[in-house]
Each structure stands twice: as C-alpha cells, then as structure tokens.
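# Topology and contacts: notes
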Amino acid sequence: MSTSQPDASREPGERCTPDDVLHARTGTDVSPEDVVLAAGRDITPRNLEWARRKIETEGPAALDKLLP
C-alpha cells in the first residue's frame with residue numbers, strides 16, 4: 001500500500017494558490033443573505049441591513065472579501 005504525498009507533485013519552490021485567485025462566482029449578483037452567511041452571522045434584519053450597506057459600498061467584492 002502506498003502512502004499519499006500531496007506535495008509530491010509540486011515543483012520545488014512552488015507555493016499555495018493565493019486566496020484572491022481561489023474565489024469563484026458564476027455571476028455578479030450578490031444578495032445580502034449571501035454576505036451575511038459568508039460573514040458567519042445569523043440572518044436578522046440588522047445583519048441584512050449591514051450587508052446591504054456593504055454591497056452598496058463594495059459591490060460584488062463584498063462577498064469575495066469575506067470568503068476564505
């Protein structure tokens with residue numbers, strides 16, 4: 001039985017993919033609910049209003065900034 005070596009296929013000196021490259025979204029529609037959930041918050045009227053303001057100021061990037 002062979003052991004798995006996940007880094008064995010990497011080139012020497014190759015680093016992990018940066019977070020800003022990993023984010024994927026199929027469209028530009030970002031809902032306040034998406035932002036609230038990505039922030040790890042409960043969906044409440046107060047949090048939805050916070051998310052609406054965040055989307056107004058940051059656009060769809062508001063969601064990207066919250067994702068790991």
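Residues numbered from 1 in each chain as written. Predicted model: local features only at pLDDT ≥ 70, side-chain atom pairs only at ≥ 80, totals over all residues. Heavy atoms only, no water.

### A closer look at the overall build of the protein
Of regular secondary structure, the protein possesses four helices and zero strands. Reading the protein from its N terminus to its C terminus gives the helix and strand order α-α-α-α. Out of the 68 residues in the protein, the part that is buried amounts to 16%. Counting only contacts in the protein whose residues sit at least 6 apart along the sequence, the fraction spanning at least 24 positions is 43%. (Helix = DSSP H or I, 4+ residues; strand = E, 2+ residues; numbered from the N terminus. Buried < 20%, exposed > 50% of the residue type's maximum accessible area, 1.4 Å probe, protein only. Contact = heavy atoms within 4.5 Å.)

### Let's talk about helix H3 (residues 45-58)
With 14 residues, H3 extends 20 Å from end C-alpha to end C-alpha; this agrees with the ideal 20 Å at 1.5 Å per step. Every buried residue of H3 is listed here: Asn 47, Leu 48, Ala 51 and Lys 54. For H3, the angular spread of buried residues about the axis comes to 120°, placing them on one side. In H3, those exposed residues whose orientation departs by more than 90 degrees from the buried face are Pro 45, Arg 46, Glu 56 and Thr 57. Immediately beyond the C-terminal end of H3, within one or two residues, lies Gly 59, with a positive phi of roughly 70°. (Expected span 1.5 Å × (residues − 1). Arc of directions from axis to C-beta.)

Purely spatial values, then, with no claim about function.
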